[in-house]
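Summary of structural features
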Amino acid sequence: MGFLRVLSRQIPIFREMATLVTLRNGQKMPQLGLGTYLALEGECEEATKYAIDIGYRHLDTAYSYNNEKEVGKAVIAKVAEGKVKREDIFLVTKLSNIHHEPEHVERACRKSLANLGLDYIDLYLMHTPMAFEFHGDEDTAPKNSAGEILSSTTDYLDTWRAMEPLVEKGLVRSIGVSNFNSAQLTRLLANCKIKPVSNQVECNPGINQGPLRNFCAKNDIALIAYSPLGRPHYAAKDPNFPRPALLDDRVISMGKKYNKSPGQIILRFLVQLGATPVPKSSNKERMKDNLNIFDFELSTEDIRVLESFNTGERTCPFTANKTHVYFPFHDEF
């Protein structure tokens, strides 16, 4: 399974067992997490508390999601209740595009820690390789009068070099990247002291990231899958949006075969590919379903069918950033 090293010790998740991925530095990451992107204010804290109650131990947020405080409050509350210990939680957050200049990096990390109310971050990701101009901590997507993103040419290598001391100072346990292509990862690997443990990218049946998954596996970089279900809430509103696989009759039939939901089929597919999906949901039943994928295995033929959905079409294409000097999606992978 490439970079995955399955531990003999596993952690309970809902009624089943979730594999732990051993990262290149020895840190353990549960192979399924809770995404919090677009979690509504007031909803995120309660959803995260419930997630911890039913067994989620991998929580994914970001400075630019504007919900670090709610995620942190949920963790602190559950630690205070004795439901979990802090070390049981694998918490991920991300350095915003506006904080790429080296002089901003540590301050931004400490700001995230203050938002979370925690002493350390388990995994700190550079959210994208693309820097934006800094116009204050609250403006995470600065635009000009024409509504265009104000880009900066800050080199992601300089940003990374400012992230490395965060590990040495104990502010974060691991550092990684998000939305990097293979060429950017190659350049980073050749010019760093601390190698990235992970790359978080869009990964679902519509864009299963085969070449990038192989590249990451060869370089001991864990691939974390955001938008693993293909953003069905967008597809429901826009008939021109890429149709997610979980609405396809073949996936629905697979669900009946395995007595699972289409969403569970897709998450299991990604786990068998070696990815770590972080589906976002605040619906209690779907949150339970998303965890309950470790008691079955898809057949080789069913994997082949799910691989046939791959078109390479992104549901998160970053269209507004196409002219950025470090735009990651011009390359094949």
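Residues numbered from 1 in each chain as written. Predicted model: local features only at pLDDT ≥ 70, side-chain atom pairs only at ≥ 80, totals over all residues. Heavy atoms only, no water.

1. Overview of the overall build of the chain
Quick note on the threshold: Numbering of helices and strands runs from the N terminus, with a helix taken as a DSSP run of H or I at least four residues long and a strand as a DSSP run of E at least two residues long. Put simply, the radius of gyration uses C-alpha atoms, and a globule should come to 2.2 Å times the residue count raised to 0.38. Exposure categories follow from relative accessible area, calculated using a 1.4 Å probe and restricted to protein chains: below 20% of the type maximum is buried, above 50% is exposed, and the middle band is partly exposed. Whether two residues are in contact is decided by their heavy atoms: any pair within 4.5 Å suffices. Under the convention used here, a 1.4 Å probe and the Shrake-Rupley method define accessible areas, while residue burial counts only the protein chains that appear. By the counting rule applied here, Lys and Arg register as positive and Asp and Glu as negative, while His and the ends of each chain are not counted. In this description, the location of a charge corresponds to atom NZ of lysine, CZ of arginine, CG of aspartate or CD of glutamate.
From N to C terminus, the chain includes 11 helices and 14 strands. Computed over the C-alpha atoms, the radius of gyration of the chain is 19 Å, within 12% of the 20 Å expected from 2.2 N^0.38 for a compact globule of 333 residues. In terms of overall dimensions, the chain has C-alpha extents of about 55 × 45 × 40 Å along its principal axes. Relative to its full complement of 333 residues, the chain shows a buried share of 59%. Considering only contacts in the chain between residues 6 or more positions apart, those separated by 24 or more positions represent 72%. Surface summary for the chain: the accessible area is close to 14300 Å², and the carbon and sulfur share equals 48%. Averaging the coordinates of the 41 positive side-chain charges in the chain and doing the same for the 41 negative ones gives two points 4 Å apart.

2. Describing the nonpolar core
Considering soluble globular proteins, one finds that nonpolar side chains tend to be buried as a cluster. Using the following cut-off: Residues enter a nonpolar core if they are buried and are Ala, Val, Leu, Ile, Met, Phe, Trp, Tyr or Cys, with the set joined through side-chain atoms within 4.5 Å.
Ranked by size, the top nonpolar core spans 75 residues in total, and within it Tyr56, Tyr124 and Met163 carry the most contacts. For this core, the element with the most residues is helix α9 (residues 262–273), which contributes seven residues.

3. Re unusual backbone geometry
Comment: phi is negative for the bulk of residues other than glycine, and the bulk of peptide bonds are trans. In this structure, Asn66 takes a positive phi of about 60° despite not being glycine. Structurally, Asn66 is set in the loop between β6 (58–60) and α2 (68–81). The backbone of Arg231 sits at a positive phi, close to 55°, despite the residue not being glycine. Note that Arg231 resides in the loop between β13 (222–226) and α7 (232–237).

4. Structural notes on the confidence of the model for the chain
Condition: A residue's pLDDT is the predictor's confidence in that residue, given on a scale from 0 to 100.
With 95% of its residues at a pLDDT of 70 or more, the chain shows a mean pLDDT of 93. Of all the helices and strands in the chain, strand β1 (residues 11–13) carries the lowest mean pLDDT, 43, while strand β8 (residues 121–126) carries the highest, 99. Between residues 1–17, whose pLDDT stays under 50, and residues either more than four places distant or in other chains, the model counts 49 contacts.

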